[in-house]
Each structure stands twice: as structure tokens, then as C-alpha cells.
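# Per-entry structural report
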Amino acid sequence: MIRLCFAILALLSLLWIAPALVQAEHPGRPMAQQGPLRLLCWEAGPHADHQLILQGLAEGLKELGLIQTGPVPEPVDNSTAPMWQWLAKNARGKVVFLEDGFYSAGWNENLRNKVRESIATRGKVLRDFDLVLAFDTWTAVDASVMDPDFPVLVSSVTAFANTELAKSLGKGTDNKVCVVHEQDRLYRLATLFHSLFGFERLGVVWDNGKNGRDMAGLNELDRAARDQNFTLVSCAESLWGEKPDVLEKHLLACNRKLAKEGVDAVFLTLAPEPASHLDAANALSPLTKAGIPTFSLAGGRELKAGALLGTGKRMQLALGRYLARIVADIIGGIRLPQDLVHVSPLVLSLNMQSALALGWDPPLKVLAITDEYVDMDGEWQENGLLP
């Protein structure tokens with residue numbers, strides 16, 4: 001039956017159209033890069049999104065003729081470091097991935113300032129890099145506090161409009177931090193999720209730290225709730241920076257709370273992933289046992305652990321290719337603006353085991369934009385019908 005459904009998509013796949021890259025107006029007089037563009041990588045901690053974006057960036061640079069390299073290796077786990085090291089050793093051309101240029105705080109709040117200061121010092125003293133590729137909201141906030149005199153290009157930011165991060169960057173007159181954000185991403189996903197299940201009460205778990213609301217994209221979820229006439233039921237816990245066992249315990253407690261409060265569905269916002277597949281499955285167990293549909297913003301391990309729907313990896317690969325165009329602009333001498341808007345293609349991942357357990361037959365409009373799925377044996381499969 002599954003094979004038949006995906007076969008039907010041969011014609012529907014023609015409806016999937018990748019969005020054109022947004023061309024922003026960049027202030028500043030062009031001054032072309034002299035020599036190769038030397039890159040650093042800065043993340044608050046590992047996440048599956050980061051390596052997919054980096055993979056898309058490398059593939060985009062290859063397509064633009066800016067680097068020469070063999071096929072970029074597929075991500076193995078959540079760590080971005082191995083892919084960065086591979087690019088440092090194998091990529092040649094107008095862009096250089098510095099071998100000693102990978103910085104990560106491992107989601108450790110105690111290391112966060114140390115990493116930021118190390119990059120700031122390197123930029124002031126050594127000046128041996130030209131651009132910092134940064135990932136996630138934590139890093140974007142830290143870069144804005146740093147007020148660097150070198151360009152920082154940030155992606156994998158959950159939300160930007162009307163956030164504290166946007167306000168912080170807006171205060172600077174010559175801020176060299178550029179945030180690439182995906183406008184209305186969570187709003188679009190929550191609206192799609194609601195169109196499928198018509199829930200009245202949507203559960204959401206978010207971090208209770210300083211930037212927790214922004215990292216969960218609650219502003220966009222609040223707007224979707226108002227427009228689609230459903231209620232958000234939230235549970236705030238300490239998530240980012242916690243050890244894996246504590247993280248699993250907190251996620252489990254919140255999911256139990258949401259199930260007990262009778263939510264109709266749960267939107268799993270961007271949060272650290274538990275240490276293993278079994279840990280992730282245990283954290284989700286109160287929802288799966290209660291037959292509550294779940295949408296995972298992270299996809300990947302959370303989806304294989306039992307989440308019903310999630311984002312497809314093509315969303316992050318497309319973002320990486322967009323960053324490659326920005327890097328090409330920088331090489332051409334165009335100065336970065338404060339922020340750039342990117343609209344990802346709406347692509348999903350699907351767990352067929354979870355769909356069967358819920359008694360839910362995925363409609364064709366879902367199958368038509370699904371790029372990968374967990375089959376009935378619990379294994380990942382690619383939907384080869386998408387272009």
C-alpha cells in the first residue's frame with residue numbers, strides 16, 4: 001500500500017517547486033575578496049540541522065564553482081565537527097574551511113562565554129579568518145553582544161521577527177552580524193499540522209531560560225493559534241545546557257503533563273536531542289501511548305523515535321544552498337545586511353509506524369511533500385519521486 005501511495009506521487013511531485021533565492025539589497029560599495037575566503041564555524045552545540053545546512057552550503061559552493069571536492073559525506077550523527085574537518089582537508093578553491101576553525105560550546109552554559117571570547121580574541125589579534133559561519137539562536141545572541149568587527153553569518157535561528165535578538169541587532173549602527181531567518185516557518189508548519197488534525201489544544205514544550213521563547217518560536221505559534229482558533233498549552237522546563245539524562249527526565253515530565261492535561265496534539269519545538277534513540281523514544285512515550293499526534297521541528301531522531309510528522313531534510317539543505325549564494329556575494333565584495341529572509345520549501349518527514357498506530361491514513365497532500373519516511377520496519381527510506 002505504501003509503495004502504491006508513493007507511486008501515485010510521480011505526477012504530484014511536479015507540484016513541488018523550490019523557491020527562488022531571495023536577493024536582498026546589500027549596502028556598501030563592492031570590494032572583491034583578495035585571496036580565498038577563510039571560514040570559521042561557531043555553534044552553541046551540536047544539532048542535526050547544523051550539519052544538513054553545512055552539507056547544503058558545501059554542495060552549493062561546488063555548484064557555483066567556488067570549491068572543488070568529492071561528494072560531501074552524509075551526516076552520521078548530530079556532530080557537525082567531522083563534516084567540517086572533512087571539508088577542511090578536501091575542499092579547495094576560493095573558500096577555505098580552516099582546520100582549527102571549529103568552535104562549539106556543547107550546549108554548556110559554562111563554556112558559552114569562553115567560546116565567544118576565544119573567537120573575539122582571534123578576530124582582534126590573529127585576524128586569520130574572513131567570515132564566521134554561526135548556527136542557532138544562542139550563538140546569534142552572543143554574536144550581537146560581541147559586536148564584532150568581522151562578519152558573522154548566522155543561520156538555524158528558529159524565529160527572528162519581534163524577538164529579543166532582532167531588537168538587540170537593531171540597536172547597532174554598524175553591526176556586522178547577519179541573521180538568515182526563515183520567515184513564518186513555524187507558523188506555516190503549525191498551520192499545516194492544524195489543517196490535518198483540527199486540534200483545539202496544541203501542547204508545546206519550551207526551555208524556561210532567557211532566550212527560551214525565541215528558541216521555541218513561540219511568537220509564531222501564538223500567531224498561528226490566534227489565526228486558526230486553537231489554544232496553546234505549554235510546559236516550560238530547563239532544556240538547553242542540561243546533561244542528557246536530566247534532559248530526558250525534563251522532556252518526559254513535560255510530555256506526561258501535556259498528556260494528562262488532555263492536549264489533542266503536540267508540536268515538538270527545537271530542543272536538544274536526547275543522547276540516544278531509546279532515550280528519545282522514552283521521552284515521547286507518554287504521547288505515543290496516549291495516541292497523541294506529534295509534529296517534530298527537528299525531525300531526524302525524534303521522528304524515528306515515534307513522532308508522527310517532522311520537517312524534511314531538504315528544508316535545511318535548501319537553506320545551506322542559499323548561504324552559498326550569500327558567500328558568493330561576500331567574495332564579490334558585497335557587504336552583509338542585518339538580516340536576510342529565506343523561504344524554505346515546505347518538505348516533511350513521516351513515520352509510517354506511528355501513522356498506523358494512530359489509525360491515520362496520510363493524505364496525498366502530505367505524501368506529495370514527504371522527502372523521507374520511516375517504514376514499517378523502522379528504517380529510513382527516501383522518497384525518490386521528489387525532484
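Above this text you will find the structure in question.
This section reports on the structure supplied with the text.

### Focus: the packing of helix α2 (residues 48–63) against helix α13 (residues 313–331)
- The interhelical angle for the contact between α2 and α13, taken along N-to-C directions, is 50°, at an axis separation of 6 Å. On the basis of their axis angle, the class for α2 and α13 is oblique. As for how α2 packs across α13, the hand of that crossing is right-handed. Mapping the contact onto sequence places Asp49, Leu52, Ile53, Gln55, Gly56, Leu57, Glu59, Gly60, Leu61 and Glu63 in α2 and Lys313, Gln316, Leu317, Leu319, Gly320, Arg321, Leu323, Ala324 and Val327 in α13.
- The residue inventory of the contact of α2 with α13, partitioned by class, reads nine nonpolar, five polar and five charged.

### Side note on the side chain of threonine 139
- Among the structural elements, threonine 139 can be located in helix α5 (residues 137–146).
- The buried category is assigned to threonine 139, whose relative accessible area is 1%.
- Not counting residues within four places of it along the chain, the set of residues in contact with threonine 139 comprises Trp42, Glu43, Ala44 and Ala134.

### Looking at empty space enclosed by the protein
- Counted by the stated rule, this structure contains four cavities of 30 Å³ or more.
- Looking at the largest cavity, its volume works out to about 130 Å³.
- Lining the largest cavity are twelve residues, and of these Leu251, Asn255, Leu268, Leu284 and Glu302 sit closest to its centre.
- When residues of the lining of the largest cavity are traced back to their parent elements, those giving at least two are α10 (244–260) and α11 (277–289).
- At three residues, the largest contribution of residues to the lining of the largest cavity is made by α11.
- Among the residues forming the lining of the largest cavity, the class breakdown is nine nonpolar, two polar and one charged.
- By volume, the second largest cavity amounts to about 70 Å³.
- For the second largest cavity, the full set of lining residues is His47, His50, Trp107, Asp136, Thr137, Ser156, Thr158, Met215, Trp240 and Leu270.
- Taken together, the residues of the lining of the second largest cavity break down into four nonpolar, five polar and one charged.

### What to know about the pattern of salt bridges
- Applying the stated criterion across every chain yields a total of 14 salt bridges.
- The salt bridge partner of aspartate 100 is arginine 122, with a shortest N-O separation of 3.1 Å. With aspartate 100 in strand β4 (residues 95–104) and arginine 122 in helix α4 (residues 109–125), this pair connects stretches of sequence that are 22 residues apart.
- Of the residues examined, arginine 122 reaches a relative accessible area of 7% and is grouped as buried.
- The salt bridge partner of lysine 257 is glutamate 261, with a shortest N-O separation of 2.9 Å.
- Each of Glu109, Arg112, Arg116 and Asp142 takes part in salt bridges that share partners, so that together they form one network.

What counts, and where the lines are drawn
Residues numbered from 1 in each chain as written. Predicted model: local features only at pLDDT ≥ 70, side-chain atom pairs only at ≥ 80, totals over all residues. Heavy atoms only, no water. Axes fitted to C-alpha atoms, helices over the stretch in contact; angles between N-to-C directions. Helix = DSSP H or I, 4+ residues; strand = E, 2+ residues; numbered from the N terminus. Parallel < 35°, antiparallel > 145°, perpendicular 65-115°, else oblique. Left-handed = near helix turned anticlockwise from the far one by under 90°. Contact = heavy atoms within 4.5 Å. Nonpolar A, V, L, I, M, F, W, Y, C, P; charged D, E, K, R; others polar. Buried < 20%, exposed > 50% of the residue type's maximum accessible area, 1.4 Å probe, protein only. 1 Å grid on protein atoms, 1.4 Å probe; cavity = no way out; pocket = protein on both sides within 12 Å on 5 of 7 lines; lining within 4 Å. Points joined across faces, edges and corners; volume = space filled by probe spheres on them. Salt bridge = Lys/Arg side-chain N within 4 Å of Asp/Glu carboxyl O.

These values are about where atoms sit, not about what they do.
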